[in-house]
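Here are the chains, one letter per residue:
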Amino acid sequence: MTLPIGSYVVEIRTGRVGTLMGREGPYVQVRPLGGGREWDVEPDGVREATSAERLSAATAHVNARSRGEVP
């Protein structure tokens, strides 16, 4: 299954949630929700995020921002 750019994905190995930003060579680039540095993952190392996973990650980011942990 090929996910479109902009899809919300979960890195299977770590459970990190992010946005699929592009493809480069044998990898896909994923950016954390709320922005930040992209990381490379093998294409079969990600899956589409569920609505609950997206909501949980977005809530965690908003809470961290309110505590001053992220800009």
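As a starting point, this report considers the structure included with it.

What counts, and where the lines are drawn
- Residues numbered from 1 in each chain as written.
- Predicted model: local features only at pLDDT ≥ 70, side-chain atom pairs only at ≥ 80, totals over all residues.
- Heavy atoms only, no water.
- Pairing = 2+ DSSP bridges.
- Helix = DSSP H or I, 4+ residues; strand = E, 2+ residues; numbered from the N terminus.
- Axes fitted to C-alpha atoms, helices over the stretch in contact; angles between N-to-C directions.
- Core = buried A, V, L, I, M, F, W, Y, C linked by side-chain atoms within 4.5 Å.
- Buried < 20%, exposed > 50% of the residue type's maximum accessible area, 1.4 Å probe, protein only.
- Contact = heavy atoms within 4.5 Å.
- Salt bridge = Lys/Arg side-chain N within 4 Å of Asp/Glu carboxyl O.

Pairing analysis gives three bridges linking strand β1 (residues 8-11) to strand β2 (residues 17-24), with the strands arranged antiparallel. Looking at β2, one finds that Y8 is bridged to T19. Across three bridges, the pairing between β1 and strand β5 (residues 46-48) is antiparallel. By the bridge assignment for β5, E11 is matched with V46.

Within a sheet, neighbouring strands are paired by backbone hydrogen bonds and run either parallel or antiparallel to one another. One open sheet accounts for five strands, arranged β4-β3-β2-β1-β5; its pairing is antiparallel. The strands lining the two open edges of the sheet, one partner per strand, are β4 (39-41) and β5. Averaged over all neighbouring strand pairs, the angle between strand axes comes to 50°, with direction disregarded. Bridge analysis of β2 against strand β3 (residues 27-32) gives six bridges, and the strand direction is antiparallel. Looking at the pairing, R23 lines up with V28 of β3.

What follows is about the nonpolar core. With eight residues, the main nonpolar core is built from L3, V9, L20, V28, V30, W39, V41 and V46. Those elements that place two or more of their residues in this core are β3 and β4. Every residue in contact with L3, bar those within four places of it in the chain, is listed here: V9, L20, R23, R47 and E48.

In this antiparallel pair of consecutive strands, β2 and β3, the connection spans two residues, and G25 shows a positive phi of 60°. Counted along the chain from β3 to the antiparallel partner β4, the turn is six residues long, and its residue G34 has a positive phi close to 90°.

This paragraph deals with the pattern of salt bridges. A full pass over the atoms with the stated rule returns four salt bridges. Between E11 and R13 there is a salt bridge whose closest N-O contact spans 3.4 Å. With relative accessibility at 72%, the residue R13 sits in the exposed group. In this structure, E38 engages R31 in a salt bridge whose closest nitrogen and oxygen atoms are separated by 2.7 Å. On the accessibility criterion, R31 (30% relative accessible area) is partly exposed.

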